[in-house]
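Results of the structural survey
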Amino acid sequence: MRPIRLRDFIEDRDGCLYAVSTYDNSERVGCILRYVPDPEGERRDPRGRRYRKYDFSEAFAWIREHKPEYLDTVHRVPRKDVVRVYKPEEEIGNVVARDLRVTRLLSYFDLPAGSFGCTGSLLCGLENASSDIDLVVYGDAWFTAQRQLSHLVETGLIPPMSTGMWRKVYEKRMPEISFDTFVLHERRKWNRGEFEGTYFDLLYTRSYANLDALPTGAGRVIDRATIEATVTDASLSFDSPAVYSVDHDEISRVLSFTHTYSGQALAGEVIEARGVVEEHGDERWLIVGTTREARGEYIISKTLLENAGY
């Protein structure tokens, strides 16, 4: 069996469904509860089972009450409690058979078989007519999909994101930057879009050959800081966490655990970042997104802002 990785879903012994949120899942799977079996639930899978969808705060409250042994910074499900793993790249055939929106969207992309899939409600068969499309693309194929999306929008085959959709995304995340600054950064990322009125993501996940690209685990908290630094490597900037290697006297890496600041800067650009400083061995990392709301924490590309005349 292939390793459980980021953006897979797992099912536990009680039928609860969790979104995998980490790469280090050898003993306990790091994840977030998303769906709980409920006869009165608003979602129903292809076999007729009903579920209730839980948001972030509801999920932690439910775990705290019903499965406190899973409670951590995320939910840690022991491997012995996992009865099924849903893998986006393996379930994509079932998804396109059920949802013509996904079929039509994917028809615009040319990606290797096995390099992409859908996560979220579509992966579990719990989508409804208003569900977003959470496309996952693995490893280097993600950058191919990114280039293809840019070309599709620039040539008019897929429309650009509407102002209304940008506003919806911004208000959902409520970052510590202005709407104009948010959209300026987002427009060049090509990791999200709008298709037939439906919002979709292009989500990066590491290939199986590269799962150990970054040491795991929290470090010792040192302080809070705001830094200015030059990005030296942004190859994992669309990952979760997003990783930026930087040239700075004290900080060697800036990590973002919130999707808002993934892909926020390119190699060679100067960033300003505010977050929590952690000690990791001989290195110090600046962590952005230490809470769900990431209040008081951000990453901006000063180079991008200056070039745009801000």
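This report concerns the structure included in the present document. (Residues numbered from 1 in each chain as written. Predicted model: local features only at pLDDT ≥ 70, side-chain atom pairs only at ≥ 80, totals over all residues. Heavy atoms only, no water.)

1. Topic: the overall build of the protein chain
Each helix and strand in the protein chain was counted, giving 8 helices and 17 strands. Projected onto the principal axes, the alpha-carbon positions of the protein chain cover approximately 55 × 50 × 35 Å. When each of the 310 residues of the protein chain is scored for burial, the buried share is 54%. Once local pairs closer than 6 in sequence are excluded, the contacts in the protein chain between residues at least 24 apart make up 64%. When the accessible area of the protein chain is evaluated, it comes to approximately 14,600 Å², of which 47% is carbon and sulfur surface. In the protein chain, the 41 positive side-chain charges and the 50 negative ones have mean positions that sit 4 Å from each other. (Helix = DSSP H or I, 4+ residues; strand = E, 2+ residues; numbered from the N terminus. Buried < 20%, exposed > 50% of the residue type's maximum accessible area, 1.4 Å probe, protein only. Contact = heavy atoms within 4.5 Å. Areas by Shrake-Rupley, 256 points an atom, 1.4 Å probe, with all protein chains shown as cover. Lys, Arg positive; Asp, Glu negative; His and termini not counted. Charge placed at Lys NZ, Arg CZ, Asp CG, Glu CD.)

2. Considering the packing of aromatic side chains
The tally for this structure, following the rule as stated, stands at 10 aromatic pairs. Pairwise contacts between aromatic rings join W142, F143, Y204 and F238 into one cluster. For R5, the ring lying beneath its charged end belongs to Y208, and the centroid distance is 3.6 Å. (Phe/Tyr/Trp six-rings, centres within 6.5 Å; stacked < 30°, edge-to-face > 60°. Lys NZ or Arg CZ within 6 Å of the ring centre and 35° of its normal.)

3. Observations regarding the side chain of N25
Considering the arrangement of structural elements, one finds N25 in the loop between β2 (17-20) and β3 (28-37). In contact with N25, other than residues within four places in its own chain, are I4, R5, V20, G30 and R79.

4. Brief notes about the state of the cysteines
Counted according to the given criterion, the structure contains 0 disulfides. As a non-bridged cysteine, C118 has C124 as the owner of its nearest cysteine sulfur, 11 Å distant. Classification of C118 as buried rests on a relative accessible area of 0%. (Disulfide = S-S within 2.5 Å.)

5. Thoughts on helix α6 (residues 163-173)
Within α6, burial applies to M165, W166, V169 and Y170. The arc that holds the buried residues of α6, viewed along the axis, is 135 degrees, so those residues lie on one side. Exposed and facing more than 90 degrees away from the buried side of α6 are T163, K168 and K172. Tucked inside the fold, the buried residues of α6 contact α7 (179-187), β10 (192-195) and β11 (198-205). Just beyond α6, the residue with positive phi is M174, at close to 45 degrees. (Arc of directions from axis to C-beta.)

6. A look at helix α5 (residues 141-154)
For α5, built from 14 residues, the straight-helix expectation of 20 Å at 1.5 Å per residue is met to within 8% by its first-to-last C-alpha distance of 20 Å. Buried within α5 we find A141, W142, A145, Q146, Q148, L149, S150, L152 and V153. Those residues of α5 that are buried lie in contact with β9 (133-138), β10 and β11. Remark: G156 follows α5 within two positions and exhibits a positive phi of approximately 85 degrees. (Expected span 1.5 Å × (residues − 1).)

7. Regarding the side chain of S115
Inspection of the secondary structure assignment puts S115 in the loop between α3 (100-106) and β8 (116-119). Judged by relative accessible area, which is 9%, S115 ranks as buried. Other than its neighbours up to four places away in sequence, S115 contacts V136, V137, Y138 and A141.

8. Some words on the sheet that holds β9
Taken in spatial order, the 4 strands make up an open sheet running β8-β9-β11-β10, and their pairing is mixed. Taken across any chain shown, the strands that pair with only one partner, and hence form the sheet edges, are β8 and β10. Between one strand axis and the next, the sheet turns by 30 degrees as a mean value, whatever way the strands run. Direction of pairing for β8 relative to β9: antiparallel, over a ladder of 4 bridges. (Pairing = 2+ DSSP bridges. Axes fitted to C-alpha atoms, helices over the stretch in contact; angles between N-to-C directions.)

9. Quick word on the environment of R167
Note that R167 resides in helix α6. Its relative accessible area of 35% is what places R167 among the partly exposed residues. R167 sits 12 residues away from F179 along the chain, and the two C-alpha atoms are 7.7 Å apart.

10. Here's the deal with the pattern of salt bridges
Following the criterion strictly, the structure yields 24 salt bridges and no others. Residue E11 is joined to R49 by a salt bridge in which the shortest nitrogen-to-oxygen separation is 3.9 Å. With E11 in strand β1 (residues 9-12) and R49 in the loop between β4 (43-44) and β5 (50-53), the pair connects residues that are 38 residues apart, well separated along the chain. In this structure E11 comes out as buried when scored by relative accessible area, which is 9%. A salt bridge links R188 to E269; its shortest N-O distance comes to 2.8 Å. Here R188, found in the loop between α7 and β10, pairs with E269, found in the loop between β14 (253-256) and β15 (270-280); they are 81 residues apart in sequence, far enough to count as distant. Note on R188: relative accessible area 25%, which makes it partly exposed. Overall, the relative accessible area of 9% leaves E269 in the buried class. (Salt bridge = Lys/Arg side-chain N within 4 Å of Asp/Glu carboxyl O.)

Function cannot be inferred from these measures alone, as they are strictly geometric.
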